[in-house]
Amino acid sequence: MDQINIAAWKGRTETAEARADAWPVQGLQALLDAPPPDEGATLPPLAHWCYFTPMVPQARIGSDGHPQRGDFLPPVALPRRMWAGSDMTFARPVPLGARLRKTAEIADVTEKQGKTGTMVFVKVRNLYALAQDGAACLEEMQTLVYRDDPAPDAPKPAPRPAPGGAEWSQPACPDEAMVFRFSAVTFNAHRIHYDHPYATGTEGYEGLVVQGQLLATLMLRAMPARPLAAFSFRAVQPVFVGENIRAEGQFCDDGTAQLWIADKEGKLRMSGEARLV
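Every chain is numbered independently, its residues counted from 1 as its sequence is written. This being a predicted model, a pLDDT of at least 70 is required before a residue's local features are given, and a value of 80 or more before pairs of side-chain atoms are given or counted; all residues contribute to the totals for chains, interfaces and linings. Excluding hydrogens and water, the side-chain values take into account all heavy atoms of the structure.

1. Thoughts on the environment of Ala 158
Inference 1: One can find Ala 158 in the loop between β5 (136-147) and β6 (168-172).
Inference 2: Only protein chains enter the accessibility calculation, which uses a 1.4 Å probe; a residue is then buried when its area is under 20% of its type maximum, exposed when over 50%, and partly exposed in between. Note on Ala 158: relative accessible area 64%, which makes it exposed.
Inference 3: For the pair Ala 158 and Glu 176, spaced 18 residues apart in sequence, the C-alpha separation works out to 27 Å. Helix and strand definitions here come from DSSP, where helices need a minimum of 4 consecutive H or I residues and strands a minimum of 2 consecutive E residues; each element is numbered from the N-terminal end.

Okay, here's the thing in structure tokens:
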């Protein structure tokens with residue numbers, strides 16, 4: 001990668017406004033088997049992903065289904081892109097119907113050499129505020145990872161055991177319909193979530209990939225309800241459509257909750273932490 005070109009994208013910003021309409025949250029709640037939001041409700045945690053979705057013209061969609069790179073996000077030439085995790089802090093709830101302003105900034109762009117080759121990490125800071133008065137609602141730092149396609153004989157990462165001592169455990173088995181509906185409410189056209197030949201033949205996955213945001217949503221919703229000050233998650237290994245998983249966690253003495261997604265063999269697929277008010 002050209003270091004000069006990478007550095008040029010750091011600090012780039014864009015701002016947009018949108019109304020927090022009810023319909024995508026209604027769709028999200030339906031796919032989660034939850035009741036629709038009441039009139040006057042606020043957005044459930046992580047439902048902000050239903051807004052400010054990348055609605056670029058079809059002519060600017062890349063071969064992987066994502067918008068072509070080089071507008072806001074840097075034009076990283078590596079073929080595979082993954083949302084590796086997020087760190088969020090919550091300042092105030094967002095009322096349904098409120099007009100929101102989102103300011104996105106490329107906070108950092110770094111290139112590293114890993115066991116599988118070159119990787120580029122892009123950190124995007126997203127600030128959400130009420131457009132009416134500028135009151136801050138949510139800050140999220142997203143970490144995106146770009147990397148090469150794996151070699152056919154590349155060894156798979158060694159699985160890690162999930163933590164023990166879960167205080168709650170919610171089983172799930174995301175199927176094609178659930179994954180499709182989540183892509184619909186978040187306007188996510190990444191082909192690894194619906195195009196099986198592409199996911200397995202081009203990107204080398206074992207099957208259709210369950211969205212990391214959906215797994216994070218399942219993980220957080222499994223926790224007994226508590227007011228949230230912050231939430232973070234990290235993808236450890238992908239979950240594939242049709243796999244049986246468990247969203248588990250436990251409360252800690254320091255005012256946090258440790259959360260995780262485990263597979264049927266007790267291996268860790270995603271980790272998270274919630275800081276409670």
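Picking up after the structure, the text goes on.
2. So, helix α3 (residues 176-185)
Inference 1: Within the span of α3, buried status applies to Met 178, Val 179, Phe 182, Ser 183 and Val 185.
Inference 2: Two residues qualify as a contact provided that any one of their heavy atoms is within 4.5 Å of a heavy atom in the partner residue. Residues of α3 that are buried make contact with α2 (23-31) and α5 (212-222).
Inference 3: Positioned one or two residues after α3, Phe 187 has a phi angle of 50°, which is positive.

3. Description of the packing of aromatic side chains
Inference 1: Pairing of aromatic rings covers Phe, Tyr and Trp, the last through its six-membered ring, and needs centres within 6.5 Å; plane angles under 30 degrees mean stacked, over 60 mean edge-to-face, and all others mean tilted. Counted under the stated rule, the structure contains 6 aromatic pairs.
Inference 2: On the basis of an interplanar angle of 80° and a centroid distance of 6.1 Å, the ring pair of Trp 49 and Phe 233 is categorised as edge-to-face. Separated by 184 residues along the polypeptide, Trp 49 in the loop between α2 and β2 (80-90) and Phe 233 in strand β7 (residues 228-235) bring together distant segments of the chain. Comparing Trp 49 with Phe 233, the two get one shared label, buried.
Inference 3: Among the aromatic residues, ring-to-ring pairing joins Trp 49, Trp 83, Phe 231 and Phe 233 into one connected group.

4. Examining the UniProt feature "domain: FAS1-like dehydratase" (unreviewed entry) in the protein
Inference 1: UniProt positions are given in the numbering used here, feature names are shortened, and annotations may be inferred rather than shown by experiment. Here, UniProt's "domain: FAS1-like dehydratase" (unreviewed entry) annotation points to residues 73-130.
Inference 2: Helix makes up 0% of residues 73-130 and strand 71%, whereas the separation of the span's terminal C-alpha atoms amounts to 24 Å.

5. So, the packing of α3 against α5
Inference 1: Contact geometry of α3 with α5 gives a least axis separation of 10 Å together with a crossing angle of 105°. Relative to α5, α3 is oriented roughly perpendicular. Across the interface between the two elements, Met 178, Val 179 and Phe 182 from α3 touch Gln 213, Leu 214, Thr 217 and Leu 218 from α5. The convention used is that axes are lines fitted to C-alpha atoms, helices contributing only their stretch in contact, and that angles between N-to-C directions extend from 0 to 180 degrees. Oblique is the label for any angle not covered by the other classes, which are roughly parallel (under 35 degrees), roughly antiparallel (over 145) and roughly perpendicular (65 to 115).

6. Thoughts on α5
Inference 1: α5 sits mainly inside the fold: 10 of its 11 residues count as buried.
Inference 2: Along α5, the residues classified as buried are Gly 212, Gln 213, Leu 214, Leu 215, Ala 216, Thr 217, Leu 218, Met 219, Leu 220 and Ala 222.

7. What about the nonpolar core?
Nonpolar side chains tend toward joint burial in soluble globular proteins.
Inference 1: The biggest cluster of nonpolar side chains holds 69 residues, and the ones touching the most others in it are Val 122, Leu 214, Phe 231, Phe 233 and Leu 259.
Inference 2: With 7 residues, α5 is the single largest residue contributor to this core.
Inference 3: Residues contacting Leu 214, with those up to four places away along its chain left out, are Leu 31, Leu 32, Met 178, Val 179 and Phe 182. Only buried Ala, Val, Leu, Ile, Met, Phe, Trp, Tyr and Cys residues count toward a nonpolar core, and they belong to the same one when joined by side-chain atoms within 4.5 Å.

8. Details of unusual backbone geometry
Inference 1: Unlike most non-glycine residues, Leu 46 shows phi in positive territory, near 75°.
Inference 2: Relative to the assigned elements, Leu 46 resides in the loop between α2 and β2.

9. Focus on the sheet that holds strand β3 (residues 99-114)
Inference 1: Taken together, the 10 strands give an open sheet; going across it, the order is β1-β3-β4-β5-β2-β7-β10-β9-β8-β6, and neighbouring strands pair in antiparallel fashion. Each end of this open sheet is capped by a strand with a single partner; those strands are β1 (13-19) and β6. Averaged over all pairs of adjacent strands, the angle between their axes in this sheet comes to 20°, without regard to strand direction.
Inference 2: Pairing between strand β8 (residues 245-251) and strand β9 (residues 256-263): 7 bridges, direction antiparallel. Looking at β9, one finds that Ala 247 is bridged to Ile 261.
Inference 3: Contacts from α5 reach β2, β6, β7, β8, β9 and β10 (268-276) within the one sheet, and its direction differs from that of β7 by about 135°. What makes two strands pair is DSSP finding at least two bridges between them.

10. Describing the pattern of salt bridges
Inference 1: Throughout this description, the term salt bridge denotes a Lys or Arg side-chain nitrogen within 4 Å of a carboxyl oxygen of Asp or Glu. Enumeration over the complete set of coordinates arrives at 13 salt bridges.
Inference 2: Close ionic contact of Arg 101 with Glu 17 constitutes a salt bridge, the shortest N to O distance being 3.0 Å. Of the two residues, Arg 101 sits in strand β3 while Glu 17 sits in strand β1, which places them 84 residues apart along the sequence.
Inference 3: Asp 64 is the salt-bridge partner of Arg 69, the closest N and O atoms lying 3.9 Å from each other.
Inference 4: Each of Glu 17, Arg 99 and Arg 101 takes part in one network of salt bridges that share partners.

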